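Take a look at the letters that make up each chain.
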Amino acid sequence: MSIYKDASYTTSERVHDLLSQMTIEEKIAQLGAQWLILDEQGDHQERELEFSNQTVSRSVKEKLMYGLGQITRPLGTHIVDAVAGVKALNQLQKYLVEETRLGIPAIAHEECLVGLMAKGATLYPASINYGHTWNPDLLEQVAQDISRQARAVGAKQGLSPVLDVSRDVRWGRTEETLAEDPYLVGVMATSYVRGLQGKDRDFIATLKHYVGHSASEGARNHAPVNIGFKTLNDTFLLPFEMAVKLGKAGSVMPAYHDIDGEPCHSSAYLLTEILRHQWGFDGLVVADYGGVELLSEHHATATDRVDAAAQSFNAGLDVELPDDTCAIYLTQAIERGLITEAKINEIVARVLSVKFELGLFENPYTPVPTEALHNEVSEKLAYQAAAESIVLLKNDGHLPLPKQSKVALIGPTADDPMALLSGYSFPVHLIWAGVNASERVAKSIKEALAERVNLVGYQKGCDILTKRESGAPVFPGDVDMAVTQDKVSPVSLDTSAIASSVSIIDDADVAVVCVGDLAGLFQTGTIGEGSDADSLNLPGVQQQLLDAALDRGKPVVVLVTGGRPYHLGRAEDEAAAIVYGWEPGQGGADAIADMLTGVINPSGRLTVSIPKNIGAVPYFYNHKLKSSGTPIAFHFGSQFNFGFGLSYTHFDYSNATLAKTEYDFDESVALSVTITNSGERDGAEVVQLYVRDKVCSVVRPVKELKGFKKVFLKAGAQKTVTFHLPVDMLNFTDASNQRVVEGGEFELMIGRSSQEIESRHTIEVCSGKKVLPQAWHMICDVTVE
């Protein structure tokens, strides 16, 4: 038996043995993937959707004859149940293991950002909901359940989490972001990675989109990013650094855009120097779908696909996804002298190492599932994640709704379960793929509320979209079509039903008006990848509906669902209450209805500020002082800022105490505060610690989150929360592009939000400057007594 087939040898020995036996064709086959419709009898078919109209024509057998690096989303892009999907995947693995010369199995990957993207899997809330929970322990549990479901269908890699730091909420992928703060993103994403990968890292998470994707020009998908390295490092690289160093993430995915003219997919500085050399990353760099091809087709930094492949793999790429459109040309790249076989060997060795460590050679096949993917634990977690992410922004006392109250329900999202899902939920993804799935995927707000209150009537009022269709041009090869297209927006402008719809309010005590988004990729919706906004007005005529409801003179509760915040016009002043449920998934309707009726106490806090005006964007709380203009622009700022959220109870802050005021570079700052639930209901408060560097050699933000803790308190109870802040975390990137801490004064602020500061404290760090080592202290530990 060959050494590589014997598990008693080390991974290194097995890799060396296998690599020595491989032909160049077999090596290159490990650097690509295939996106096929798999069949239980092994009659695998090409997908109808191709990323390009210029691909080399090969049969499925020809694509598999030398082996395969990865199999792209075997269950994730068409309707197939788990049993049939696993049997089909096993047939593919059987061919690779038994009928190719060396028998190397493939890694199957799936999307699993908001739950495994497959039929029958749990439809978890969106990432933006995850962030609004401020509960990393809960997110780790959610990720563990997502991982269980992904493993059950044979996946070994999940294309999540998203670590893009929100900068401009017009960006369609805002729904995929966790927060506008890099530290919060880093903490939450690291918890997600730990949950997804498990202690043994026998399943690998994929950090995306590396890096700065959310800072694009005009908040448009794929658009260039124009920022300097200091901002890149302190804001956008930080969460990735945390997830690599603390979470041991097994994979990273470069982003589509260029940064100052350098595409991420061909950046050796990002993919090798920073990621591997500076951070010690030991996993796989996998391309975003079609990202390599973009170098020649869109960016025009490569002459052709041969050059594009050479540039990406030389820079640090390991596997092209979702297919091998460019990797197939690596033999030509070697012949042209654009890449060496030694470099190919180095990359293949990494791919094989991961396959050995995942146990694929010993266990290439997946047991056929005997239990449903979604179970009672999934149900509980989906509900809890939705419940803890609901943010109450305004309440004049009409919430919670009394059980006897007569409620009029109005709005286009009130009876549409799809309005509770994100773009990377399986049913929404099917729309873009051109597949019609007719089954009702979850309970709607209307159904959940009708179980809890006296619903005197329901009216839709208006549509958000006139139709939901696939086919927006986006892929390489579609450039001519994209430039010359003459498409009309499907957003509805029909106001004809508004007047009659709001008349039902007259018979009610209160109106609940449901407005917001419909997620859909590439303009099949109003939020999602490629569905970027040109304003922060509610899509279509929803504002007119909302205004008409306010005109009836009854209290109006506004419920916003969707992947970004919106301006609500006069409702921000006139509404009785404003609630954001975001994209809460299949448990969202029950969670929201329970929150509206007081069964649960809202504990979500904003992780994206809501700009007061479109002229304020990009707006984020951790801006620099001069961001507001001079004099301060009237339209700058946010009425509802990062960290803000109301509760049905009240929390008092007292006895804020600093252990001492002077610190050396290697110490931690201890700052404690007592939190008391002075209301009559149990609830949770998110205690937040912010820092401002008073004087620095470079311009720094007005404040930055450096610690947080969600604290659950029974009515009348109190707890002492202590932040242990490493002085390392007072760092910034200096003129030499190094993370450093400069001595001097820092202001520490304990707050209930970024704007509601309860106490301020000044510390002084000893003079001088400390250049941080690779293993610097990245986490502010928080203890609760």
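Residues numbered from 1 in each chain as written. Predicted model: local features only at pLDDT ≥ 70, side-chain atom pairs only at ≥ 80, totals over all residues. Heavy atoms only, no water.

The name given to the chain in an unreviewed UniProt entry is Beta-D-glucoside glucohydrolase, with Vibrio ruber as the source organism.

Before going further, it helps to examine the UniProt feature "domain: Fibronectin type III-like" (unreviewed entry) in the chain. Mapped onto this structure's residue numbering, the UniProt feature "domain: Fibronectin type III-like" (unreviewed entry) falls at residues 685-754. Note that residues 685-754 is 0% helix and 61% strand, and that its end C-alpha atoms are spaced 14 Å apart. (UniProt positions renumbered as here; feature names shortened; annotations may be inferred. Helix = DSSP H or I, 4+ residues; strand = E, 2+ residues; numbered from the N terminus.)

With mixed pairing, 6 strands are arranged side by side in an open sheet as 12-17-16-15-13-14. The outermost strands of the open sheet, each flanked by one partner alone, are strand 12 (391-395) and strand 14 (454-459). Across the sheet, the mean angle separating the axes of adjacent strands is 20° when strand polarity is ignored. Sheet topology places strand 12 next to strand 17 (residues 577-582); 4 bridges connect them, and they run antiparallel. Following the sheet pairing, Lys394 is matched in strand 17 by Ile578. (Pairing = 2+ DSSP bridges. Axes fitted to C-alpha atoms, helices over the stretch in contact; angles between N-to-C directions.)

This next bit is on the pairing of strand 17. Across the 6 residues of strand 17, 6 count as buried, placing the element largely inside the fold. For strand 16 (residues 556-561) and strand 17, the ladder comprises 5 bridges, and the chain directions are parallel. Residue pairing for strand 17: Leu559 is matched across the bridge by Val579. (Buried < 20%, exposed > 50% of the residue type's maximum accessible area, 1.4 Å probe, protein only.)

By size, the foremost hydrophobic cluster in this structure holds 204 residues, and its most contacted members are Tyr210, Leu330, Val558 and Leu748. With near-sequence residues (within four places) excluded, Tyr210 lies in contact with Leu237, Phe240, Val252, Met253, Pro254, Ala255, Cys264, Leu270, Leu271, Ile274, Leu275 and Trp279. In this structure, Ala414, Leu420, Ile445 and Ala593 belong to the second largest nonpolar core, which totals 29 residues. (Core = buried A, V, L, I, M, F, W, Y, C linked by side-chain atoms within 4.5 Å. Contact = heavy atoms within 4.5 Å.)

Next up on the list: the packing of helix 7 (residues 182-197) against helix 8 (residues 229-245). At a minimum axis separation of 8 Å, helix 7 and helix 8 run at an interaxial angle of 25°. The angle between the axes of helix 7 and helix 8 places the two elements in the roughly parallel class. Once helix 7 is placed against helix 8, the crossing between them reads as right-handed. Contacts between helix 7 and helix 8 involve Pro182, Tyr183, Val185, Gly186, Val187, Thr190 and Val193 from the first element and Asp234, Thr235, Leu238, Pro239, Met242 and Ala243 from the second. Taken together, the residues of the contact of helix 7 with helix 8 sort by class into 9 nonpolar, 3 polar and 1 charged. (Parallel < 35°, antiparallel > 145°, perpendicular 65-115°, else oblique. Left-handed = near helix turned anticlockwise from the far one by under 90°. Nonpolar A, V, L, I, M, F, W, Y, C, P; charged D, E, K, R; others polar.)

Let us now look at the domain arrangement of the chain. Per the domain assignment, the segments of the chain are domain 1 (3-47 + 58-358), domain 2 (390-480 + 487-640) and domain 3 (651-784). On a C-alpha basis, the centres of domain 2 and domain 3 stand 34 Å from each other. Counting each side, the surface lost to burial between domain 2 and domain 3 is near 1,100 Å², with a carbon and sulfur contribution of 50%. The interface formed by domain 2 and domain 3 contains 1 salt bridge. The closest approach of N and O atoms between Arg605 and Glu685, which form a salt bridge, is 3.0 Å. The tally of links from domain 2 across to domain 3 stands at 7 residue pairs in polar contact (both at pLDDT 80 or more). For the side of domain 2 that touches domain 3, a count of residues per class yields 5 nonpolar, 5 polar and 2 charged. (Domains from an automatic or database assignment. Buried area = accessible area lost by both parts, 1.4 Å probe. Salt bridge = Lys/Arg side-chain N within 4 Å of Asp/Glu carboxyl O. Polar contact = N/O pair within 3.5 Å; in protein donor to acceptor, adjacent residues only side chain to side chain.)

Turning our attention to helix 7. Taking 1.5 Å per residue, 16 residues should reach 22 Å; helix 7 reaches 22 Å between its end C-alpha atoms and fits that length. Within helix 7, 15 of the 16 residues are buried, which leaves it mostly tucked inside the rest of the structure. Positive backbone phi, approximately 80°, marks Gly198, located one or two places after helix 7. (Expected span 1.5 Å × (residues − 1).)

The next point concerns the packing of aromatic side chains. For the structure shown, the criterion picks out 15 aromatic pairs. A ring pair is formed by Trp134 and Phe642, whose centres lie 5.4 Å apart and whose planes are at 55°; its orientation type is tilted. Taken together, the positions of Trp134 in the loop between helix 5 (127-133) and helix 6 (136-152) and Phe642 in the loop between strand 19 (638-640) and strand 20 (651-658) put the pair 508 residues apart, joining distant regions of the chain. Exposure remark for Trp134: the relative accessible area of 0% places this residue in the buried category. Ring pairing ties together the aromatic residues Trp134, Tyr183, Tyr621, Phe642, Tyr690 and Phe708, which thus form one cluster. When the ring centre of Phe620 is taken as reference, the NZ or CZ atom of Arg167 above it lies at 3.6 Å. We note Lys208 situated over the ring of Tyr424; from NZ or CZ to the ring centre the distance is 5.4 Å. (Phe/Tyr/Trp six-rings, centres within 6.5 Å; stacked < 30°, edge-to-face > 60°. Lys NZ or Arg CZ within 6 Å of the ring centre and 35° of its normal.)

With that out of the way, let us pick up the pattern of salt bridges. Scanning the model with the defined rule gives 46 salt bridges in all. In this structure, the salt-bridge partner of Glu747 is Arg692, at a minimum N-O distance of 3.3 Å. Highlighted residues: Glu747 in strand 27 (residues 739-751) and Arg692 in strand 23 (residues 683-693), separated in sequence by 55 residues. For Glu747, a relative accessible area of 10% puts it in the buried group. A single network of salt bridges, built from pairs that share partners, joins Asp234, Glu241, Lys245, Arg700, Glu704 and Arg739.

Turning next to the packing of helix 6 against helix 7. In contact at an axis separation of 7 Å, helix 6 and helix 7 are set at 35° when each is read in the N-to-C sense. Remark: the crossing between helix 6 and helix 7 carries right-handed chirality. Here Pro136, Leu139, Glu140, Ala143, Gln144, Ile146, Ser147 and Arg151 of helix 6 lie close against helix 7, whose contacting residues are Val187, Met188, Ser191, Tyr192, Arg194, Gly195, Leu196 and Gln197. In the contact of helix 6 with helix 7, the residues fall into 8 nonpolar, 5 polar and 3 charged.

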